Amino acid sequence: MFKPCPSFTSKSLSTIHDFVSPCSIKTLVSSRALAVDSRNFPSSNILQFSQKLLISRMFSSEPVNCSSSSLLKNNGFSQTRYQKLIQKCPELLLFNADNCLSPKFEFLYSKGFTRPDLARILSANPDILRRSLDACIIPNFNLVKNVLKVSDDMEVALAFKPFEVIFHASLQSLLAPNLQLLYEHGVPESNALSALVRHSKSLVTHHVRFKSVVEKVKNMGFDPSKFSFMDAIQVFLGMSKSSWDRNFNLYKEWGWSDEEIWSAFRKSPCFMIISERKLKAFMELSAKEMGWKYQHFANRPRLLLSSLEKRVIPRCLVLKYLLSKGLIKENFSIPMALTYTENKFLLKYVNPHQDPHLLKSYAEKRGLPN
């Protein structure tokens, strides 16, 4: 019978040297006593991994189970993801593959998850495989299905893919009261359920913190009937104060006033969560290379959520080229040029000029075949 292994902390691992030396562990590895195949792990990680696995062996009567390793590799895990999974949770190699691991994979496959889905989800969150199928994974899945009021398992699977912690969060104690609070504040059910799919992390936040953020957003003047209300909640729950202050100051460096930043936040809250790297790239491209005023983005902050690589940079390349040739006037609408659909942008700015160089450059920048 498998005995659950304890959680390992950096402190507990640091004390391993008090009773087992690195030399001893290397000897165990080389003698196959720990059944660690060094071909599967970089040499720099072997010692740390073996230390964790040795602790697991101390708390379990089970031998290392090679079938667990085979099952993981046969279910779509690349070498990199396999290493990541086992390094985070080496005691998985002690699990009985047939009784413990295989039923979980079979259940998730039956609900619409693909091998790439599970390889991505589980390598990032291996604790999921330590959870009971009957006591946690299945009840969580059914709870979300009931909340979403859907009959199609594929729709439920979508809610699990964006944020995998929903697999093992205390859903009954967190999700229900948080949803009820939103309904009490006037959030439409459709918006709340959409948020469960888009921002499931937010809705499994501990209730006291969730309540304080909901009240903060409402006091800022956000309309609970609009989806921007849910977006603002997600931003405040997902950003640390230091990240918020850093981005706020970056916008000010770009010339935005405090009022312009807050006005943009009320229009499109998610513009505050873009990375520092992306924000600096936008500033560099728009102000220095294109000579655009920041107000174009302050008035339409959703533009900042556009992909730099797939949309903004390729389109700026086209617009800059056309301006240099005098083929468009300088007073063209920058926001419109960046928000047009792909077909409309091609029809308006690329196709009419019949310029092979322009079309080729645009396709190359977007990573499309010429």
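Fair warning: this is a prediction, and the values are worked out from it, not measured in the lab.

Let us look at the overall build of the protein chain. Per the secondary structure count, the protein chain includes 22 helices and 0 strands. Looking at the protein chain as a whole, 47% of its 370 residues qualify as buried. At a minimum sequence separation of 6, the contacts of the protein chain that also span at least 24 residues come to 71%. Element-wise, carbon and sulfur atoms account for 53% of the exposed surface of the protein chain, whose accessible area totals about 18,700 Å².

It is worth spelling out the nonpolar core at this point. Ranked by internal contacts, the top residues of the largest apolar core, which has 105 residues, are L182, I233, Y251, W254, W256, M272 and Y349. For this core, the element with the highest residue contribution is helix 14 (residues 227–238), accounting for 8 residues.

Turning our attention to helix 5 (residues 79–88). Residues separated by three or four positions in an α-helix point in the same direction, a consequence of the helix having 3.6 residues per turn. For helix 5, the set of buried residues is Y82, Q83, L85 and I86. Across the axial projection of helix 5, the buried residues extend over an arc of 165°, all falling on one side.

At a minimum axis distance of 12 Å, the contact between helix 21 (residues 342–350) and helix 22 (residues 356–365) shows a crossing angle of 150°. Our classification of the angle between helix 21 and helix 22 gives roughly antiparallel. You can see that helix 21 and helix 22 cross each other, and the crossing is right-handed. Residues E342, F345, L346, Y349 and V350 of helix 21 lie in contact with helix 22, whose contacting residues are L358, L359 and Y362. Here the contact of helix 21 with helix 22 is composed, by residue class, of 7 nonpolar, no polar and 1 charged.

This part covers unusual backbone geometry. The backbone of K149 sits at a positive phi, close to 55°, despite the residue not being glycine. Position of K149 relative to the elements: it lies in the loop between helix 8 (133–148) and helix 9 (153–160). Within the chain, Q354 stands out as a residue other than glycine whose phi angle is a positive 50°. The topology assignment puts Q354 in the loop between helix 21 and helix 22. Relative accessible area serves as the criterion here: at 67%, Q354 is assigned to the exposed category.

Predicted confidence across the protein chain gives a mean pLDDT of 79, with 80% of residues reaching 70 or more. No element of the protein chain has a lower mean pLDDT than helix 1 (residues 10–14), at 40, and none a higher one than helix 13 (residues 207–219), at 96. The low-confidence segment residues 1–41 (pLDDT under 50) makes 70 contacts with residues lying over four places distant or belonging to another chain. Predicted confidence is poor over residues 43–47, with pLDDT under 50, and the contacts of this stretch with residues over four places away or in other chains come to 7 contacts.

The next point concerns the pattern of salt bridges. Inspection of the entire model under this criterion finds 12 salt bridges. Across the salt bridge formed by D245 and K241, the nearest N and O atoms sit 2.7 Å from each other. Of this pair, D245 and K241 both sit in helix 15 (residues 241–253), 4 residues apart, roughly one helical turn. Judged by its relative accessible area of 65%, K241 is exposed.

A few words now on the side chain of S228. By the element assignment, S228 lies in helix 14. For S228, a relative accessible area of 18% puts it in the buried group. Beyond its immediate sequence surroundings of up to four residues, S228 is in contact with F222, R266 and P269.

Right, let's talk about the packing of helix 15 against helix 16 (residues 258–267) for a bit. Interaxial distance between helix 15 and helix 16 falls to 9 Å at its minimum, and their mutual angle equals 120°. Judged by the inter-axis angle, helix 15 sits oblique to helix 16. In this structure, helix 15 meets helix 16 at a crossing whose hand is right-handed. Residues W244, F248, Y251 and K252 of helix 15 touch helix 16, and the partners they reach there are D258, I261, W262 and F265.

Helix length check: helix 13 (13 residues) gives 18 Å between terminal C-alpha atoms against 18 Å at 1.5 Å per residue, within 8%. All buried positions along helix 13 are accounted for by F210, V213, V214 and V217. In an axial view of helix 13, the angular spread of the buried residues amounts to 105°, which keeps them on one side of the axis. Facing away from the buried surface of helix 13 by more than 90 degrees, the exposed residues are V208 and N219. Buried residues along helix 13 sit in contact with helix 10 (171–184), helix 12 (200–203) and helix 14. Among the residues trailing helix 13, G221 stands out with phi positive, at a value near 100°.

What counts and how
All residue numbers here refer to positions counted from 1 along the written sequence of the relevant chain. The predicted origin of the model limits local features to residues at a pLDDT of at least 70 and limits the giving and counting of side-chain atom pairs to 80 or more, whereas totals for whole chains, interfaces and linings rest on all residues. The basis for every side-chain value is the complete set of heavy atoms in the structure, and neither hydrogens nor water enter the calculation. Helix numbering and strand numbering both begin at the N terminus, where a helix is a DSSP run of H or I of at least 4 residues and a strand a DSSP run of E of at least 2. Between buried and exposed lies partly exposed: a residue is buried under 20% and exposed over 50% of the maximum accessible area for its type, with that area taken using a 1.4 Å probe on protein chains only. Contact criterion: two residues are considered in contact whenever any of their non-hydrogen atoms come within 4.5 Å of each other. For the accessible areas, the method is Shrake-Rupley and the probe is 1.4 Å, while residue cover comes only from the protein chains on display. As used in this record, nonpolar core signifies buried Ala, Val, Leu, Ile, Met, Phe, Trp, Tyr and Cys residues forming a set joined through side-chain atoms within 4.5 Å. Relevant arc is that of directions from the helix axis to the C-beta atoms, nothing else. The angle between two axes is taken between their N-to-C directions and runs from 0 to 180 degrees, where each axis is a line fitted to C-alpha atoms and a helix contributes only its stretch in contact. By the definition adopted for this analysis, an angle is roughly parallel if under 35 degrees, roughly antiparallel if over 145, roughly perpendicular if from 65 to 115, and oblique otherwise. Crossing handedness is read from the near helix: turned anticlockwise from the far helix by less than a right angle, it gives a left-handed crossing, and turned clockwise, a right-handed one. As a working rule, the residues Ala, Val, Leu, Ile, Met, Phe, Trp, Tyr, Cys and Pro are called nonpolar, Asp, Glu, Lys and Arg charged, and the rest polar, with Gly in that last group. pLDDT: the predictor's confidence for each residue, scored from 0 to 100. Salt bridges are counted wherever a side-chain nitrogen of Lys or Arg sits within 4 Å of a carboxyl oxygen of Asp or Glu. Here the expected length of a helix is defined as 1.5 Å per residue gap, with one fewer gap than residues.

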